[in-house]
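Each chain is listed here by its residues.
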Amino acid sequence: YRIDLVAFDTVPYTPGDREMLFHLFGHTGDPSSSVSREEEEEGGCLQPAVERPPPATVRDVCRANFRFGKLFGEAVVTVCASASVPLSSLSCIGCHGQTIWHEIDPETGACSSTLQIGDSAVIAEVTGVDCVSDFRTADVAAGGQGAPLTSTLDHLMYQPMYQPALTMPFNGEGEGGTGSEGGGT
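Residues numbered from 1 in each chain as written. Predicted model: local features only at pLDDT ≥ 70, side-chain atom pairs only at ≥ 80, totals over all residues. Heavy atoms only, no water.

### A look at the packing of helix H2 (residues 58-82) against helix H3 (residues 120-127)
Relative placement of two packed helices is described by the angle separating their axes and the distance separating the axes.
Link 1 in the chain: Where H2 meets H3, the axes come as close as 8 Å, and the angle between the chain directions of the two elements is 40°. The angle between the axes of H2 and H3 places the two elements in the oblique class. The way H2 lies across H3 gives a crossing that is right-handed. Only Val122, Ile123, Val126 and Thr127 of H3 make contact with H2, whose side of the interface consists of Phe66, Gly69, Lys70, Phe72, Gly73, Glu74, Val76 and Val77. (Axes fitted to C-alpha atoms, helices over the stretch in contact; angles between N-to-C directions. Helix = DSSP H or I, 4+ residues; strand = E, 2+ residues; numbered from the N terminus. Parallel < 35°, antiparallel > 145°, perpendicular 65-115°, else oblique. Left-handed = near helix turned anticlockwise from the far one by under 90°. Contact = heavy atoms within 4.5 Å.)

Dropping the structure here:
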């Protein structure tokens, strides 16, 4: 396999989309202010914390799942258009999704469940291209930690190198992979 980077862009979430996402996490729109704090210290006195938003509901998760699917699909359309890549030339779209929950047992380190939003059917509808997803879910179901593509992709990208390589994604997660020519990962 050969992987060539044809186009790349970062499409930031709008403030409203960030607010929707942080609500699912149990936060206000400000990621630094956890709503789990019951009291805050002010001038040496404990004050009631900012009023908590209501907990996220299944309806909120469902709406966010469709909203983020639409956002991801629109991002694909935008990036392809800016790079003059016709959507019809894509074989498929692979979407990891936006993780909203990843359950790790603190004693064993085993991952027992994970949930991503950004529905692949919505992405496919927006783009007209088949979308594959649930990479993390499939890996966790098979006993993994939910990061199945890191070492595989690194191996494919860095296989031609004549020395070992270490790669680290800059996505806020502590995943890493090593690989060298013919040596696997």
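### Considerations on the pattern of salt bridges
Link 1 in the chain: For the coordinates displayed, the defined rule picks out 2 salt bridges.
Link 2 in the chain: Across the salt bridge formed by Arg67 and Asp17, the nearest N and O atoms sit 2.9 Å from each other. Remark: Asp17 occurs in helix H1 (residues 15-25) and Arg67 occurs in helix H2; sequence separation between them is 50 residues.
Link 3 in the chain: Lys70 is the partner of Glu74 in a salt bridge, and the nearest nitrogen-oxygen pair spans 3.8 Å. Linking Glu74 with Lys70, this pair stays in helix H2, spanning 4 residues, or about one helical turn. (Salt bridge = Lys/Arg side-chain N within 4 Å of Asp/Glu carboxyl O.)

### Observations concerning the environment of Gln98
Link 1 in the chain: Summarising the element assignment, Gln98 is placed in strand S4 (residues 98-104).
Link 2 in the chain: It is 8.9 Å that separates the C-alpha atoms of Gln98 and Asn65, two residues lying 33 residues apart in sequence.
Link 3 in the chain: Excluding anything up to four places from it in sequence, Gln98 contacts Tyr13, Leu21, Phe25, Phe72, Leu115, Gln116 and Ile117.
Link 4 in the chain: There is a polar contact of 2.9 Å between the side chain of Gln98 and the side chain of Tyr13. (Polar contact = N/O pair within 3.5 Å; in protein donor to acceptor, adjacent residues only side chain to side chain.)

### Description of the nonpolar core
Link 1 in the chain: Core analysis: the largest hydrophobic core is formed by 16 residues, its most contacted members being Phe68, Ile93, Ile117 and Ile123.
Link 2 in the chain: Put simply, the parts of the chain that give this core at least two residues each are H1 and H2.
Link 3 in the chain: When sequence neighbours within four positions are dropped, the list of residues in contact with Ile123 reads Gly69, Phe72, Gly73, Ile93, Cys95, Gly118 and Cys131. (Core = buried A, V, L, I, M, F, W, Y, C linked by side-chain atoms within 4.5 Å. Buried < 20%, exposed > 50% of the residue type's maximum accessible area, 1.4 Å probe, protein only.)

### Looking at the pairing of strand S5 (residues 111-117)
On any regular strand, side chains alternate: one points to one face of the sheet, the next to the other face.
Link 1 in the chain: Note: S4 against S5, 6 bridges, orientation antiparallel. In the sheet register, Trp101 faces S5, and the bridge partner there is Leu115.
Link 2 in the chain: Joining the antiparallel neighbours S4 and S5 is a turn of 6 residues, in which Gly109 adopts a positive phi near 80°. (Pairing = 2+ DSSP bridges.)

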